[in-house]
Amino acid sequence: MASDHQRPEPEAGIRAEEPSALASEPVDLSDIRWSDGLVLLVFWLLSFVVFLQFFTRYVLNNSLGWTEEVARFLLIGVTFIGSVMAARKESHIAVELFYRYLPRRGRYVAQLAVDVISLVFFAAMGWFCAELASKTQQMMVSIDVPKSWIYWGVTACFGFMAMYALLALLRHVRTGTSRLIDPERFALTGTGL
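Just so we're clear, the structure is a prediction, and the values are computed from it rather than from any experiment. (Residues numbered from 1 in each chain as written. Predicted model: local features only at pLDDT ≥ 70, side-chain atom pairs only at ≥ 80, totals over all residues. Heavy atoms only, no water.)

J.: When you look at the nonpolar core in this model, what are you seeing that I'm missing?
T.: A general tendency of soluble globular proteins is for nonpolar side chains to be buried together. Leu74, Phe122 and Met161 are the most contacted members of the largest nonpolar core, which has 25 residues in total. Taken together, the elements giving at least two residues each to this core come down to α1 (34-59), α2 (66-89), α4 (104-135) and α5 (148-175). Counting residues per element, this core draws most heavily on α5, at eight residues. In terms of domain composition, this core takes at least three residues from each of domain 1 (34-89) and domain 2 (92-137 + 144-181). Those residues within four positions of methionine 161 in sequence are excluded, and the remaining contacts are Phe80, Ser83, Val84, Ala87, His92 and Phe122. (Core = buried A, V, L, I, M, F, W, Y, C linked by side-chain atoms within 4.5 Å. Buried < 20%, exposed > 50% of the residue type's maximum accessible area, 1.4 Å probe, protein only. Helix = DSSP H or I, 4+ residues; strand = E, 2+ residues; numbered from the N terminus. Domains from an automatic or database assignment. Contact = heavy atoms within 4.5 Å.)

J.: Would you explain the UniProt feature "transmembrane region" (unreviewed entry) in the protein in this entry?
T.: Annotation from UniProt places "transmembrane region" (unreviewed entry) at residues 38-58, 70-87, 108-129 and 149-170. Overall, residues 38-58 shows 100% helix and 0% strand. The separation of its end C-alpha atoms is 30 Å. Note that residues 108-129 is 100% helix and 0% strand, and that its end C-alpha atoms are spaced 31 Å apart. (UniProt positions renumbered as here; feature names shortened; annotations may be inferred.)

J.: It is not clear to me how the packing of α1 against α2 should be interpreted in this structure. Could you clarify?
T.: If you want to describe how two helices pack, look at the angle between their axes and the distance between the axes. The geometry of α1 relative to α2 is characterised by a closest axis approach of 9 Å and an angle of 160 degrees between their N-to-C directions. On the basis of the axis angle, α1 is roughly antiparallel to α2. Relative to α2, the crossing made by α1 is left-handed. Taken together, the residues that form the contact of α1 with α2 break down as 17 nonpolar, five polar and three charged. (Axes fitted to C-alpha atoms, helices over the stretch in contact; angles between N-to-C directions. Parallel < 35°, antiparallel > 145°, perpendicular 65-115°, else oblique. Left-handed = near helix turned anticlockwise from the far one by under 90°. Nonpolar A, V, L, I, M, F, W, Y, C, P; charged D, E, K, R; others polar.)

Below, the structure is given as structure tokens:
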């Protein structure tokens with residue numbers, strides 16, 4: 001057993017792991033909505049179907065034919081239901097670099113322009129998706145379910161995204177601020193409006 005004077009010194013900069021400052025902070029679940037639970041449910045259903053596909057193909061060596069198609073459509077569901085959640089939280093991907101170099105009035109105008117473009121995009125895509133769903137007569141290949149159900153689901157998701165984009169636009173006009181217009185205001189609390 002080595003004595004204390006024979007122990008090697010720790011390398012510079014290496015210390016025992018300290019507890020995170022965030023460990024004592026309470027978890028804020030105030031912005032959880034029913035659609036968040038829905039996307040979680042569809043995600044776990046997708047996980048089960050993919051695991052079933054893997055298990056039957058590689059362990060049983062007798063793959064179930066329907067799992068690939070169902071997994072593909074569940075992935076579409078996770079994507080678009082998750083997009084509804086991102087639209088509600090105003091967390092869709094955005095290029096924020098230009099906002100840093102604009103004066104406040106420019107940031108406000110840019111925010112409203114992005115809100116209007118998002119609203120028009122979501123509404124137009126919902127319209128096009130509804131057109132596609134109404135014209136689709138095909139059934140899924142492996143199970144006896146109309147493909148139009150998938151398109152109607154995506155249409156509903158675009159409708160919710162358009163609704164949340166409209167609410168964000170109205171809120172930004174009413175309050176005159178947002179996370180991108182006044183980043184210093186929201187940086188202190190880490191929360192939105």
